[in-house]
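What follows is the residue order along each chain.
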Amino acid sequence: MFRLLFLALLAAAAFVLIEAHWSRESLTLTLRVRTAKELVATAQGTARRLGERAVDRVIASTPAVGAAPAGEPEKLGEADRARLNKLVEEKSREK
């Protein structure tokens, strides 16, 4: 098990660290080790893409702020409405 995991890790590291370029005209395979700047840029680009996907999922699953609440709206009785109006008037006078 450990050997398989180690080989998979080596293959993944080689895939990330080494850039292969095949030239059909000359039938040559060129292998180039990527620089640290390139690796950092690749990691940042991948992180940005994953972050954008996560934000898109959150936006899609979150209802809009101005959206109507689910279910039927509450009905206020006259007494509740009068108390609410009185409270709003008191708070607006305080400021």
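Residues numbered from 1 in each chain as written. Predicted model: local features only at pLDDT ≥ 70, side-chain atom pairs only at ≥ 80, totals over all residues. Heavy atoms only, no water.

Colleague: Quick question: what am I supposed to make of the overall build of the protein here?
Modeller: Helix and strand counts for the protein stand at three helices and two strands. Walking the protein from its N terminus toward its C terminus, one meets helices and strands in the order α-β-β-α-α. For 95 residues, the compact-globule formula gives about 12 Å, and the C-alpha radius of gyration of the protein, at 30 Å, lies well above that figure. By principal-axis analysis of the C-alpha atoms, the protein measures approximately 90 × 35 × 30 Å. When burial is assessed residue by residue, the protein has 1% of its 95 residues classed as buried. Accessible surface, the protein as shown: approximately 9,300 Å² in total, 64% of it carbon and sulfur. Taking the average place of the 16 positive charges on the side chains of the protein and the average place of its 12 negative ones, the gap between the two points comes to 9 Å. (Helix = DSSP H or I, 4+ residues; strand = E, 2+ residues; numbered from the N terminus. Rg over C-alpha atoms; globule rule 2.2 N^0.38 Å. Buried < 20%, exposed > 50% of the residue type's maximum accessible area, 1.4 Å probe, protein only. Areas by Shrake-Rupley, 256 points an atom, 1.4 Å probe, with all protein chains shown as cover. Lys, Arg positive; Asp, Glu negative; His and termini not counted. Charge placed at Lys NZ, Arg CZ, Asp CG, Glu CD.)

Colleague: I'm lost on the pairing of strand β1 (residues 18-23) in this one. Help?
Modeller: Looking down a regular strand, the side chains alternate between one sheet face and the other. Where β1 meets strand β2 (residues 28-33), six bridges bridge the pair, whose relative direction is antiparallel. If you follow H21 over to β2, its bridge partner there is T30. Hairpin remark: β1 followed by β2, antiparallel, with four residues in the connecting loop; positive phi at L27, about 50°. (Pairing = 2+ DSSP bridges.)

Colleague: I'm lost on the pattern of salt bridges in this one. Help?
Modeller: Side-chain pairs of opposite charge can arise whenever the charged atoms involved come near each other. With the rule as written, the count across this model stands at four salt bridges. Here E19 makes a salt bridge to R32, at a shortest N to O gap of 2.6 Å. Taken as a pair, E19 in strand β1 and R32 in strand β2 lie far apart in primary sequence, 13 residues in all. With a relative accessible area of 30%, E19 lands in the partly exposed category. Put simply, E38 and R32 hold a salt bridge, and the shortest N to O gap is 2.9 Å. The exposure class assigned to R32 is partly exposed, which follows from its relative accessible area of 35%. (Salt bridge = Lys/Arg side-chain N within 4 Å of Asp/Glu carboxyl O.)

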